[in-house]
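Residue-level listing of the chains:
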Amino acid sequence: MTRDPRRDLLAGLTVAIVALPLALGFGVSSGLGAEAGLATAVVAGALAALFGGSNLQVSGPTGAMTVVLVPIVAQYGPGGVLTVGLLAGVLLLALALLKAGRYMRYVPAPVVEGFTLGIACVIGLQQVPNALGVTAPDGDTVLVVAWRAVEEFVRAPNWTATVLALGVAAVMLLGARWRPAVPFSIVAVVMATVAAQLLHLDAAAPIGDLPSGLPAPSLDFLELSALGSLLGPALAVAALAALESLLSATVADGMTTGQRHDPDRELFGQGIANLAAPLFGGVPATAAIARTAVNVRSGARSRLAALTHAAVLAVIVFAAAPLVSRIPLAALAGVLLATAIRMVEVGALRAMVRSTRSDAVVLVLTAVATLALDLVLAVIIGLLVAGALALRAVAGQARMERTEVTPELPDGHREAEHAPLSGHIAVYRIDGPVFFAGAHRFLLELSEVTDVRVVILRMARITTMDATGALALKDALEKLDRRGIAVLACGIRPDHRQALASVGALDLLSGHEYATEPEALAGAHAHLRRAGLLPAATA
């Protein structure tokens, strides 16, 4: 942090300016109020910067987390959310100790893109009531709430709130294209607030009074009797915090050179942050991809930038709470609408959809599940579908084909002895994986062979074999044996012998296993002579 403090301090100030309206907006959207968003940005932002595994990551309240918190607030109230935050912190620390961060690399890109698209849609729909200037109606899903808000707006239009929200969103989106380095979010919010005050726009409801400073640490919010019922929501919050934080850290690594995050330490830092934030009235926190990107683009080099961001927001909490409390809710809705739009990278989505049909299916399914179901459940569904489609693709690579009987027998065999071989011997080459996803499909052909007396299996090109594949092979061997067809194998790899031995397939090949195909052909030749199908060898 001492190498280039000036760059880090400027980057931290820039991030704080961008983060202020987001922290306020996400705090309001979560249901706990703007002060909860600020407390989270200050406390969690500082602790995650100190203890996390990335030098450039910026943490705080995020749109994805508010999506999870809204139903928790509705069912359990603010105390339940704070308790969920504590439980999620404990779970994140457990994940860090179990070194679970390394498994993030296995999340496919279509799942990530679909998840991001779904979150963007949910965040946008959540802002509809405030953008239309109506009280948020009751509803089980954001789609229902947004539709009811539109119906209420039609009955009693509030164009003031709508103009403010759309104006703020337009300034942010157009300004970012014109001057990307300028924090137009804070410019737009200030303009909307000044306009609401000067023009006495009473229909543009303000945030309301904010406490001047952070509340003292307290455990009064804990609902010990409800811990059992809160464990499920806590698991969802912890899973989302881990997923979003590790995704953000990966994005930060990709935007820089020489920076690599420690995934397990990042989980530890997020755990500490989520243990502390609820003590000050904050909501559960994660690393924020948008703020992290701003931090990197602003020239941050170390954790000092994220710490500066938290310190600047703390100064605002203590010194400018009365001013912040006058910001119209519609302005914050506009900030979040613009944020949701900017989360969607059309180019990346188009490339992913055009890549393969499987990628398109996974992306769309994950996005729809994120919009209609629980966010963590959506990721699980995306992973399961992606895994199933990947297994199908891998299984499709398995091939078994009948090859010509080559005359490469060891020295000492007459050329005339080769002619009858093709009528009695079938040589099959097995390529690719022999495992549960597709073994029975192509080994069925092997078990139905009837026109020869000897089958030679060339197994050197099998890439992987599990117990299911070994069992399928054993079943084919037994069927051939009952028909009086001898099976010889060559090229069995050492790493496949355990699977074959465990199911008894190696016992069936005992005495009929060879290192190379020529040796197997010589063995088949000897078997045919013993059966009287070839003349006995002569000296």
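Residues numbered from 1 in each chain as written. Predicted model: local features only at pLDDT ≥ 70, side-chain atom pairs only at ≥ 80, totals over all residues. Heavy atoms only, no water.

1. Remarks on the nonpolar core
The nonpolar side chains of a soluble globular protein tend to be buried with one another. Val-237 and Leu-313 are the most contacted members of the largest nonpolar core, which totals 78 residues. No other element matches helix H3 (residues 63–97), which puts 12 residues into this core. Dropping the residues within four chain positions of it, Val-237 is found in contact with Met-65, Val-68, Leu-69, Ile-72, Val-84, Ala-88 and Pro-284. Formed by 28 residues, the second largest nonpolar core is a distinct cluster that contains Leu-457, Met-459, Ala-476 and Leu-477. (Core = buried A, V, L, I, M, F, W, Y, C linked by side-chain atoms within 4.5 Å. Buried < 20%, exposed > 50% of the residue type's maximum accessible area, 1.4 Å probe, protein only. Helix = DSSP H or I, 4+ residues; strand = E, 2+ residues; numbered from the N terminus. Contact = heavy atoms within 4.5 Å.)

2. Some points on the environment of Leu-389
Note that Leu-389 resides in helix H17 (residues 375–395). Taking the C-alpha atoms as reference, Leu-389 lies 10.0 Å from Arg-357; in sequence the two are 32 residues apart.

3. As for the packing of aromatic side chains
Considering all chains together, one arrives at 2 aromatic pairs under this definition. An angle of 70° between the planes, with centres 6.4 Å apart, marks the rings of Phe-51 and Phe-268 as edge-to-face. One end of the pair, Phe-51, is in helix H2 (residues 34–51); the other, Phe-268, is in helix H10 (residues 263–276), with 217 residues separating them in the sequence. Residue classification places Phe-51 among the partly exposed positions, given a relative accessible area of 36%. Residue classification places Phe-268 among the partly exposed residues on the basis of a relative accessible area of 33%. Their ring planes at 85° and their centres at 5.1 Å tell us that Phe-153 and Trp-159 sit as a pair that is edge-to-face. Residue class for Phe-153 comes out buried when judged on its relative accessible area of 9%. (Phe/Tyr/Trp six-rings, centres within 6.5 Å; stacked < 30°, edge-to-face > 60°.)

4. Overview of the side chain of His-261
By the element assignment, His-261 lies in the loop between helix H9 (227–254) and H10. In this structure His-261 comes out as buried when scored by relative accessible area, which is 17%. Those residues in contact with His-261 that lie beyond four places of it in its chain are Gly-53, Ser-54, Leu-246, Ala-249, Thr-250 and Asp-253.

5. Describing the pattern of salt bridges
Tallied over the entire structure, the rule returns 6 salt bridges. A salt bridge links Asp-475 to Lys-479, with the shortest nitrogen-to-oxygen separation between them at 3.4 Å. Here Asp-475 pairs with Lys-479, and both are found in helix H20 (residues 467–482), just 4 residues apart, close to one helical turn. With relative accessibility at 33%, the residue Asp-475 sits in the partly exposed group. (Salt bridge = Lys/Arg side-chain N within 4 Å of Asp/Glu carboxyl O.)

6. Comments concerning the packing of H2 against H10
At their nearest, the axes of H2 and H10 sit 8 Å apart, and the two run at 150° to each other. With respect to H10, the element H2 is oriented roughly antiparallel. Where H2 crosses over H10, the two elements pack in a sense that is right-handed. Contacts from Val-43, Ala-44, Leu-47, Ala-48, Leu-50 and Phe-51 of H2 reach H10 at Arg-265, Phe-268, Gly-269, Gln-270, Ile-272, Ala-273 and Ala-276. (Axes fitted to C-alpha atoms, helices over the stretch in contact; angles between N-to-C directions. Parallel < 35°, antiparallel > 145°, perpendicular 65-115°, else oblique. Left-handed = near helix turned anticlockwise from the far one by under 90°.)

7. What to know about the confidence of the model for the chain
Overall, the predicted model of the chain reaches an average pLDDT of 79, with 86% of residues at or above 70. The spread of mean pLDDT over the elements of the chain runs between helix H18 (residues 421–424), the lowest at 65, and H10, the highest at 93. Per-residue pLDDT stays below 50 along residues 409–417; that stretch engages in 13 contacts with residues further than four places along the chain or on separate chains. (pLDDT = per-residue confidence, 0-100.)

8. With respect to helix H8 (residues 184–198)
Over its 15 residues, H8 extends 21 Å from the first C-alpha to the last, a length consistent with the 21 Å expected when each residue adds 1.5 Å. Among all positions of H8, only Phe-184, Ser-185, Ile-186, Ala-188, Val-189, Ala-192, Thr-193 and Ala-196 are buried. The inward-facing, buried residues of H8 abut helix H1 (5–30), helix H7 (159–178) and helix H14 (329–343). (Expected span 1.5 Å × (residues − 1).)

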